[in-house]
Amino acid sequence: MSDLLEELNPKQKEAVENTEGPCLVIAGAGSGKTKVLTYKIAYLLKEKNVKPWNVLAITFTNKAANEMKERTAKLIGENINDLWLGTFHSICVKILRKFIDRLGFDNSFAIFDTTDQKTLVKNCLKELNIDSKMFAEKSVLNEISNAKNEMLEPEQYNFKYADDYRKKIIGKVYTLYQRKLKENNAIDFDDIINFTIKILMENPDVLEYYSEKFKYILVDEYQDTNKSQFTLVTLLASKYGNITVVGDNDQGIYGFRGADITNILNFEKDFPGTQVIKLEQNYRCTGNILKAANAVIKHNENKYDKKLWTENEEGALPYVYCGEDEYAEANFIIEQINRLKREEYYKYSDFAVLYRMNSQSRAIEDKLRIEDIPYKIVGGLKFYERKEIKDAIAYLRLISNQSDNLSLERIINEPKRGVGKTSIDNIRELANQNDTSMYEIIKNADKYIPRIYSNTREFISTIEELKSLDVPVSELITETLNKTGYTQSLKNENTVEAESRIQNLEEFLTVAEEFEKESADKSLTEFLNGISLASDTDSLEDTDNVVTLMTLHSAKGLEYPTIFLVGLEEGIFPGYQSMDNPADIEEERRLFYVGITRAKQHLFMTFARRRTIFGSTSYNPPSRFLKEIPKDILEGYEDAMQEKSLADEFEDVALEWNYGRKHDAYSLKNKVKTYKADDNYLNENKVATFEAKDSYLKENKTSSTSSFGRTAESFLASLQAKKTNSTDISKYKVGQRVFHKKFGEGVITKLEPEDDDIKVDLDFEKAGHKRLMAKFAGLEILE
DNA sequence: ACCGTCGCCATTTTT
DNA sequence: TGGCGACGGT
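Computed from a predicted model, the values in this text were never measured in an experiment. (Residues numbered from 1 in each chain as written. Chains lettered and ligands numbered in written order. Predicted model: local features only at pLDDT ≥ 70, side-chain atom pairs only at ≥ 80, totals over all residues. Heavy atoms only, no water.)

## Comments concerning the side chain of Thr196
Just so we agree on the cut-off: Only DSSP runs of H or I with at least four residues qualify as helices, and only runs of E with at least two residues qualify as strands; both kinds are numbered from the N terminus onward. Contact definition: two residues touch when any of their heavy atoms are within 4.5 Å.
Structurally, Thr196 is set in helix α9 (residues 189–202). Discounting chain neighbours no more than four positions away, the residues touching Thr196 are Cys92, Ile95, Leu96, Asp191 and Leu232.

Have a look at this one:
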């Protein structure tokens, strides 16, 4: 085992050997981050004789956890079952399963996913008679989740925001939401970590136990931790302080989910005596790709400046391409795939197409299908979110935990048992009044309901029967689907869709069988916990020889010989939502950086002159990020820009147009307010811009009923106008009658050259006096 | 209780 | 454009 360290470069070696005390490893893309982590675990066990159960290694994804398990097992060549290696959530669930009774929950607690959460919030809003227009469940849930990320319990939240009208109401929802969770004996994702923290903080014996146990702690992707995760780690490391965190401040792309990049930036402060080690040698990308990546990330304010370097060859220059529209963009991708397959013997699985949002996949898919190129899409519809799977899970959840009202409501009339909305409302109401579960109400219907619903009675006896079965999970599923008539009712439908649902259920059965084979604890609760924490991307395998399509976010941690970064346009990437906040732009830039550094050999970056989004056409300028890469390390840049030049000339209009299209005056105003309130962001220009845009919008709003289509139209008109006018401004004279798309007919009263444009004063018959720029006015000359 | 239609809305999402 | 929730008709 002494050769363990010899496979590492000096920096990696330093990171591995440095076992005592806090250690921060800034690991650039492709610098062997996982290698350092796994070797460090191996080093601890083999060289330092640390017991495996004294080591805790935390990752964010199951995928990363599995990879780490495999690689560690290979290194130390024996079983690693005693090692605590898992995701934040799985580790916390493990702790909760043991100690959640300290918070008054039962150990068979359910974990509510996003859909459950939404339903629950909806119920709360209804119960509190809150206008769901003003308080959309989505935004309320978001707010609750944010509160949890900041580790504010309902009481603290209410206290903190006692004088904020809106938040006061949300606080009420939050309070009820938590109460309902408890009634359902359920917790949500955020609770998993927060409750663990709560138990540790309120129970010295538990804290003592775990902080003593975990003598060495390692955390992966530390830049993506949020406040709770930081707190958890801090608590667990409180006794020994041997904590190694690995991360890359340039790859933090989950800020919108509460990840707090300051965790990694402040690590040295938080853990005095920290050894900082930077891994800057990249083993993945070619020199030119790396240069592009470095050039881009340089534009971010950065505490841990690093400069990635590589011994790899320079390679091909990253290529820039501009297509007429998104289909041309797709065609380009296909051409390149075919070319590289032919010329450099690449396989389909060597290519990945990365985009900013899922909806961008459509055009590419269409073209790939036409060309018969096999592909797969990562993300999108998730297995566990399919209706039939959720139904099956709901049955299992109810069997495991009868307090789970949500699951009960989901399946009490699925398949149809003639239990309608009214009955369910009644039962829910009764459960509320009697402070018990809906299940209990139905089960003891004679005690609560004068008239007994015979069809619900049958439902209960089926569940009771299933509950009493002492069989493996897979068999329980089969029994459930049979006894409840679920499969039968699908068969009766006799449609293609129903057939595929049945197949999915069979797949689900396979998942259960797998679980029985692999898991030490084969209980139903364990199974349910497992699937609550599972996600599709975990099982992303590259065994199939197909092209991969996915969002940039999903691509994190992956690598491909050839990468296509598509849709590099202002408003798309960076997305329009980020354009007004410098911090958001930096996150977008990190995302771009992540995208670039996925590529091992070839990088293609594409954008389109024209693109259809949400049913209407937009003309977006090329992404500012492209311009941050020095032209001399790009191929095709000039051509692409020339292609784009027409639209590019109108950058301002295009930007404004995007803006008007996406933001209504209300949300804009709010933004201005937020900016004004927050001194850190206060910037006179910014506010002024907002206000200008605000009034621009108002103007537009009043002039058209559907600002959406109309704004697009008038933008197009102005584009069109520019085309003709730029050659023909000569026709503009004082006194000339003209027509304007929005203001109608009018007369030119004054002309004044400005830069390469002309300021035109006009008197309109209806709209009155206006001053417009000739370029954008789109005036039609009337003879 | 179920189905159709209308109108609204629109990132990213490790768990 | 397309997916989803709200509403109203049978």
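There is more to say after this.
## Remarks on the sheet that holds strand β11 (residues 319–323)
Strand pairing within a sheet occurs via backbone hydrogen bonds; the two strands may be parallel or antiparallel. Worth spelling out the cut-off: DSSP-based pairing: two strands are paired if at least 2 bridges between them are found. Axes, fitted as lines to C-alpha atoms, cover a helix only where it is in contact. Angles between the N-to-C directions of the axes lie from 0 to 180 degrees.
One open sheet accounts for six strands, arranged β11-β16-β15-β12-β14-β13; its pairing is parallel. The open sheet is flanked by β11 and β13 (375–377), the only strands paired with a single partner. Across the sheet, the mean angle separating the axes of adjacent strands is 20° when strand polarity is ignored. Bridging between β11 and strand β16 (residues 599–608) involves five bridges; their strand directions are parallel. Counterpart to Cys322 in the pairing with β16 is Phe607.

## Section: the side chain of Thr462
Our working rule: Polar contact is the term for a pair of N or O atoms within 3.5 Å; when the atoms are in protein, one must be able to donate a hydrogen and the other to accept it, and sequence-neighboring residues count only if both atoms are side-chain atoms.
Here Thr462 is to be found in helix α22 (residues 454–468). Engagement of the side chain of Thr462 in a polar contact is seen with the backbone oxygen of Glu458, the distance being 2.8 Å.

## Describing the protein's contact with DNA strand C
The condition is simple: The rule for a residue being near a molecule or strand is that one of its heavy atoms must lie within 4 Å of it.
Inspection of the region around DNA strand C gives Arg362, Phe614 and Gly615 as its neighbouring residues. A share of 20% of the atoms of DNA strand C within 4 Å of the protein falls on sugar and phosphate groups. Between DNA strand C and Phe614 there is a distance of 3.4 Å, counted from a base nitrogen to a backbone nitrogen or oxygen.

## Quick word on the packing of helix α6 (residues 137–149) against α9
Cut-off, in case you're wondering: The labels follow the angle: roughly parallel below 35 degrees, roughly antiparallel above 145, roughly perpendicular from 65 to 115, and oblique for the rest. Left-handed describes a crossing in which the near helix is turned anticlockwise from the far one by less than a right angle; the clockwise case is right-handed.
Interhelical geometry of α6 versus α9 gives an angle of 20° and a closest axis separation of 10 Å. Taken together, the axis directions place α6 and α9 in an arrangement best described as roughly parallel. Helix-helix and strand crossings are classified by hand; for α6 and α9 the assignment is left-handed. The residues of α9 that touch α6, namely those facing Ser145, Lys148 and Asn149, are Asp190, Asp191 and Asn194.

## Description of the sheet that holds strand β8 (residues 275–279)
Pairing is parallel across the open sheet formed by six strands, whose spatial order is β3-β2-β6-β7-β1-β8. The outermost strands of the open sheet, each flanked by one partner alone, are β3 (84–87) and β8. Between one strand axis and the next, the sheet turns through 15° on average, direction left out of account. Across three bridges, the pairing between strand β6 (residues 216–219) and strand β7 (residues 243–247) is parallel. Each bridged residue has a counterpart across the sheet, and for Val219 the counterpart in β7 is Val245. Together, β2 (55–59) and β3 form the strand contacts of helix α3 (residues 62–76), whose direction differs from that of β3 by roughly 155°.

## Let's talk about unusual backbone geometry
For the bond running from Glu414 to Pro415, omega is 0°, close enough to zero to count as cis. Mapped onto the fold, Pro415 is located in the loop between α18 (405–411) and α19 (421–434). The residue after Phe573, namely Pro574, is reached through a cis peptide bond having omega 10°. Counting through the fold element by element, Pro574 comes out in the loop between β15 (560–565) and α28 (582–596).

## What about a negative patch on the surface?
Rules: The patch calculation keeps residues exceeding 30% relative accessible area without a salt bridge and links them within 9 Å when they carry like charges or within 5 Å when they are nonpolar (Val, Leu, Ile, Met, Phe, Trp, Tyr). For accessible areas, the Shrake-Rupley method is used with a probe of radius 1.4 Å. Any residue's cover is judged against the shown protein chains and nothing else. A carboxyl oxygen of Asp or Glu within 4 Å of a side-chain nitrogen of Lys or Arg is what we treat as a salt bridge. For the purpose of counting charges, residues Lys and Arg are taken to be positive, whereas Asp and Glu are taken to be negative. His and the chain ends are not included. Each charge is placed at NZ for Lys, CZ for Arg, CG for Asp and CD for Glu.
A cluster of acidic side chains, namely Glu507, Glu513, Glu514 and Glu518, defines a negative patch on the protein surface. Inspection of the secondary structure assignment puts Glu507 in helix α25 (residues 496–518).

## Considering α28
Stated formally: By definition here, a helix of n residues has an expected span of 1.5 Å times n minus one. Here the term buried applies to any residue with accessible area under 20% of the maximum for its type, exposed to any over 50%, and partly exposed to those in between, with areas from a 1.4 Å probe on protein chains only.
Its 15 residues give α28 an end-to-end C-alpha distance of 21 Å, which sits within 8% of 21 Å, the value for a rise of 1.5 Å per residue. Along α28, twelve of the 15 residues are buried, which leaves the element largely enclosed by surrounding structure. All buried positions along α28 are accounted for by Ile585, Glu586, Glu587, Glu588, Arg589, Arg590, Leu591, Phe592, Tyr593, Val594, Gly595 and Ile596. At the N-terminal boundary of α28, the capping side chain belongs to Asn581, with an oxygen 2.8 Å from the backbone nitrogen of Ala583.

## Some points on the pairing of β15
Burial of β15 is extensive: six of the six residues sit out of reach of the surface. When strand β12 (residues 351–355) meets β15, the two strands line up parallel, connected through four bridges. Bridge assignment links Phe351 to a residue of β15, and that residue is Thr562. Of the pairings in the sheet, the one linking β15 to β16 comprises five bridges and is parallel in character. Each bridged residue has a counterpart across the sheet, and for Tyr560 the counterpart in β16 is Ala599.

Fair warning: the whole summary comes from geometry, so function is off the table for now.
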